[in-house]
Amino acid sequence: MSKFLKISVELFIGCVISAMAYTLLFYLNGWLTDSLVFGLGVNWIYLPAGLRLFLTLIFGLPGAVGIAIASFLISYYGAFPQELTLCIGTGLISGFAPYLARYFVFSNLRLESDLSNLNFPKLIACILIYSLLSAGLHQWWFSTMDLDDTGSLNHFAVMFIGDVLGSLLLISLIKYCLDLLRKARRTAH
């Protein structure tokens, strides 16, 4: 297999995994937190926010592209008005806000590409930077597109809180599961 083909397959797999995982968690989050919806696209706890950050930290650009495609499709066929421009922008922000946060964190906090030096303070910085970018860009986009009851400071604040809480909960759950897995491996040996 040529090096180009191998890289292309890896990028495609990262994109597909990201799109599928994001879509699955989006609908699971909707089912789990239906009573916590604040408004269109705004939730008090948004678990997919943590997955967006996680996937872009792990896969980079393919993660962002997969999330953007999934978010576009979810928006277009979901609760949003079926307006192509609105849904494309929503998808791009969903995929590339965490990618921008990734870029910022890698360049300013000296995070290693393999995440080997990711510690709790750097993780919190990642989550806060991502949540500010995501909530700010989403609410700016929604107000630009004149969606009813969006774009206000209240919507920004709730989206920011939802992204932070969702990220903390999801990443804590992932860490807990990894710790259980390590413990089970040690017990088996």
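So, how was this worked out
- Residues numbered from 1 in each chain as written.
- Predicted model: local features only at pLDDT ≥ 70, side-chain atom pairs only at ≥ 80, totals over all residues.
- Heavy atoms only, no water.
- Salt bridge = Lys/Arg side-chain N within 4 Å of Asp/Glu carboxyl O.
- Helix = DSSP H or I, 4+ residues; strand = E, 2+ residues; numbered from the N terminus.
- Buried < 20%, exposed > 50% of the residue type's maximum accessible area, 1.4 Å probe, protein only.
- Expected span 1.5 Å × (residues − 1).
- Patch = residues over 30% accessible without salt bridge, like charges linked within 9 Å, V, L, I, M, F, W, Y side chains within 5 Å.
- Areas by Shrake-Rupley, 256 points an atom, 1.4 Å probe, with all protein chains shown as cover.
- Contact = heavy atoms within 4.5 Å.
- Axes fitted to C-alpha atoms, helices over the stretch in contact; angles between N-to-C directions.
- Parallel < 35°, antiparallel > 145°, perpendicular 65-115°, else oblique.
- Left-handed = near helix turned anticlockwise from the far one by under 90°.
- Nonpolar A, V, L, I, M, F, W, Y, C, P; charged D, E, K, R; others polar.
- Phe/Tyr/Trp six-rings, centres within 6.5 Å; stacked < 30°, edge-to-face > 60°.
- Lys NZ or Arg CZ within 6 Å of the ring centre and 35° of its normal.

## Thoughts on the pattern of salt bridges
One side chain can pair with another of opposite charge once the charged atoms of both are near each other. The tally for this structure, following the rule as stated, stands at one salt bridge. When the shortest N-O distance is used, the salt bridge between Asp179 and Arg182 registers 2.8 Å. Of this pair, Asp179 and Arg182 both sit in helix α6 (residues 153–188), three residues apart, which is roughly one turn of that helix. Judged by relative accessible area, Asp179 falls into the partly exposed class, the value being 30%.

## Let's talk about helix α1 (residues 3–32)
Spanning 30 residues, α1 covers 43 Å between terminal C-alpha atoms, matching the ideal 44 Å at 1.5 Å per step. Those residues of α1 that fall on the buried side of the exposure criterion are Gly14, Cys15, Ser18, Ala19, Tyr22, Leu25 and Asn29.

## Considering a nonpolar patch on the surface
Residues Leu5, Val9, Phe12, Ile13 and Ile17 make up a contiguous nonpolar surface patch of about 450 Å² in total accessible area. Among the secondary structure elements, Leu5 is positioned in helix α1. Residue classification places Leu5 among the partly exposed residues on the basis of a relative accessible area of 43%.

## Things to note about the environment of Gly91
Its location among the elements puts Gly91 in helix α4 (residues 84–108). Gly91 gets classed as buried once you look at its relative accessible area, which sits at 1%. Sequence-distant contacts of Gly91, defined by excluding residues within four places in its chain, comprise Ala68, Ser71 and Phe72.

## A short note on the packing of α1 against helix α3 (residues 61–77)
Look at α1 against α3: their axes get within 7 Å of each other, and the N-to-C directions meet at 40 degrees. As summarised for this structure, α1 and α3 are arranged oblique, according to the angle between their axes. Taken as a pair, α1 and α3 cross one another with a handedness that is right-handed. Contact residues: α1 offers Leu11, Gly14, Cys15, Ser18, Ala19, Tyr22, Thr23, Phe26 and Tyr27, while α3 offers Pro62, Gly63, Val65, Gly66, Ile67, Ile69, Ala70, Ser71 and Ile74. Classifying every residue of the contact of α1 with α3 by side-chain character gives twelve nonpolar, six polar and no charged.

## Comments concerning the packing of helix α2 (residues 47–59) against α4
Helix packing for two helices is described by the angle between their axes and how far apart those axes are. It is the contact of α2 with α4, at a shortest axis distance of 9 Å, that shows an interaxial angle of 55 degrees. As judged from the angle between their axes, α2 and α4 are oblique. Crossing hand, α2 versus α4: right-handed. Note on element contacts: α4 touches α2 through Ser94, Gly95, Pro98, Tyr99, Arg102 and Phe106, opposite Arg52, Leu53, Thr56 and Leu57. For the contact of α2 with α4, the class distribution of residues is five nonpolar, three polar and two charged.

## So, the packing of aromatic side chains
Enumeration over the complete set of coordinates arrives at nine aromatic pairs. Plain terms: the ring middles of Phe38 and Trp44 are 6.0 Å apart, the flat faces sit at 90 degrees to each other, and that makes the pair edge-to-face. Residue Phe38 is classed as partly exposed on the basis of its relative accessible area, which comes to 34%. Geometrically, the ring pair formed by Trp140 and Trp141 is tilted, given 6.0 Å between the ring centres and 45 degrees between the ring planes. One residue, Arg102, lies across the ring of Phe106, its end atom 4.4 Å from the ring centre.

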